[in-house]
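Residue strings, one per chain:
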Amino acid sequence: MAQKPSIPKGTRDFGPAEMVKRNYIFDTIKNVFKTFGYQPIETPAMENLSTLMGKYGEEGDKLLFKMLNSGDFLAKADANLLAERNSSKITNQISEKGLRYDLTVPFARFVVQHRNDIQFPFKRYQIQNVWRADKPQKGRYREFHQCDVDVIGSNSLLNEVELIQIIDKVFEKLNINVVVKMNNRKILAGIAETIGQPDKIIDITVAIDKLDKIGLDKVNDELLAKGLPQEAVDQLQPILNLSGTNTKKLEQIKEVLKDSEVGVKGVEEMETVFDWLTPLNVKTEIELDLTLARGLNYYTGAIFEVKALDMQIGSITGGGRYDDLTGVFGMPDVSGVGISFGADRIYDVMEQLDLYPKESSATTQLLFVNFGKMEQAWCLPVLSQLRDAGISCEIYPQAAKMKKQMTYANARKIPFVALVGENEMASGQITLKDMEKGEQANLTVGELINKLK
RNA sequence: GUGGAUGUAGUUCAGUUGGUUAGAACGCUGGUUUGUGGUACCAGAGGUCGCCGGUUCGACCCCGGUCUUCCACCCCA
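Criteria and thresholds
Residues numbered from 1 in each chain as written. Chains lettered and ligands numbered in written order. Predicted model: local features only at pLDDT ≥ 70, side-chain atom pairs only at ≥ 80, totals over all residues. Heavy atoms only, no water. Core = buried A, V, L, I, M, F, W, Y, C linked by side-chain atoms within 4.5 Å. Buried < 20%, exposed > 50% of the residue type's maximum accessible area, 1.4 Å probe, protein only. Contact = heavy atoms within 4.5 Å. Helix = DSSP H or I, 4+ residues; strand = E, 2+ residues; numbered from the N terminus. Pairing = 2+ DSSP bridges. Phe/Tyr/Trp six-rings, centres within 6.5 Å; stacked < 30°, edge-to-face > 60°. Salt bridge = Lys/Arg side-chain N within 4 Å of Asp/Glu carboxyl O.

A. Representation of the nonpolar core within the structure. Membership of the largest hydrophobic core comes to 97 residues, with the highest contact counts inside it found for Ile176, Ile253, Phe341 and Ile346. Leaving out residues up to four positions away in the same chain, Ile253 has contacts with Ile187, Ile191, Ile239, Leu242, Val267 and Leu290. Core analysis: the next-biggest nonpolar cluster, separate from the first, contains 19 residues, Ile430, Leu432, Leu443 and Ile449 among them.

In structure tokens:
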């Protein structure tokens, strides 16, 4: 019995029409990366779980796709743990590999492993797919592509500025209206410190991250529920109510955080970034958003998030600075900063907003109708000549009915069809039909090449 | 992971208070036109009504489970 074919939840096939659009996105992003001097690398789809685990927080660990060990994996597992049926405890005994969750952690691993071959600061880009065992929704897939750019081995804030320029350039080219939201983990740490709750930084950031979604009252409720004392929540209020320009906000927050060393450092970093950015004529709106937190555990400085202005979807790009990601792999004190463009969400935005440039999705410019063996033999050398001239062309592989061949050309959106039968072979003049206009002309091979080139 | 919805031809959707042959449009195939597509006309193919089980004389319809897709939460690209 034939089974109905299907693919796993949250994964997708891409047909030719989709690939044309996806490649357009990848190429655009890649070209921008190159103009800023970044170099490509690739890493394996699977990593050792020890590389991946613990880097993304508790939530992240749960979302890792883990691969069963090869062979008789149960034989090596602890019998008592098996009897307990405790999945989380047994996991590391039966699985030691997993699919990568992002490109940043594998990159850190790559840097440590190849440190002797790398010229620092190392600017690399990496465009590959990643996997998350998330529950799929619109704009959320289990397999998706990230386009990462990172600089590692430099703590200059110029890198942050450069990343913003890259964001600006990419979305300008893709014609998507976006806002870049920025914050700094040091400011968040300073806030937690200032209100006397440095240990609660995670709870605080997670709660205030929801400010624009659930409102001030509910954020306060959540903070209290997480065990923050009322007075700490009260102290937080002026921070949550900040408004005005980025400069204004920074001035105010600087005053509030003046007793916190990290806090002041964070504010100064942001001031520098905005300062350097000012003369650069970046068109994208940059907004200091003190409620931006981002979950990934490894961020320590600036954090970025890019939202599309004309469509409701999660962030389409995100990233930040990580001061010690390589430290866990035995290479301390190497700071990096990077961002990741979410190609699949960018695709969704462009699809919904119909932002693709009007370019022909045809892969073939010219189709030769196949009239039979003789005509076919006559055409093949012509096809070779055309291809040498850089014209993409094909001949219908069998002498099917003319209608069928024309229908094929039409469906493939092939703009020109060449007809070569008895008359054409005798005269050496090929009948060329313009499929859009419906006009026909008789041309020599030379004329044909000139017309289509 | 929690909660809610969804699933009928290739596609978008009708439909049946549970009753025998399940419909439309578009698409597809063939013909009108064996050297001319996108228009028109004619004909035709295509569905075990997501899957498994239960209730029933009888289930596409009711019930349970399961999977898919979608929505909210969570988190994030």
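B. Here's a closer look at the pairing of strand β7 (residues 178-184). Where burial is concerned, most of β7 is hidden: seven out of the seven residues are buried. On β7, burial covers both faces: Val178, Val180, Met182 and Asn184 on one face and Val179, Lys181 and Asn183 on the other are all buried. For β7 and strand β8 (residues 285-288), the ladder comprises four bridges, and the chain directions are parallel. Bridge pairing links Lys181 to Glu287 in β8.

C. Up close: the packing of aromatic side chains. On inspection of all chains with the given rule, the structure shows twelve aromatic pairs. Considering the side-chain rings of Tyr24 and Tyr356, the 6.3 Å spacing of their centres and the 65 degrees angle between planes classify their relative orientation as edge-to-face. Here the residue Tyr24 occupies a position in helix α1 (residues 16-35), and Tyr356 occupies one in the loop between α15 (343-353) and β12 (366-368), the gap between them amounting to 332 residues. In this structure an aromatic cluster arises from ring pairing among Tyr56, Tyr101, Tyr298, Tyr299 and Tyr322.

D. Structural detail: the pattern of salt bridges. As enumerated under the stated definition, the model contains 19 salt bridges in all. The salt bridge partner of Lys123 is Glu162, with a shortest N-O separation of 3.0 Å. One end of the pair, Lys123, is in strand β5 (residues 122-131); the other, Glu162, is in helix α7 (residues 158-174), with 39 residues separating them in the sequence. Judged by its relative accessible area of 15%, Glu162 falls in the buried class. For Glu172, the salt bridge identified is with Lys283, shortest N-O distance 3.5 Å. With Glu172 in helix α7 and Lys283 in the loop between α14 (261-277) and β8, the pair connects residues that are 111 residues apart, well separated along the chain. On the accessibility criterion, Glu172 (39% relative accessible area) is partly exposed. A relative accessible area of 60% places Lys283 in the exposed class. One salt-bridge network, in which partners are shared between bridges, spans Arg12, Arg22 and Asp344.

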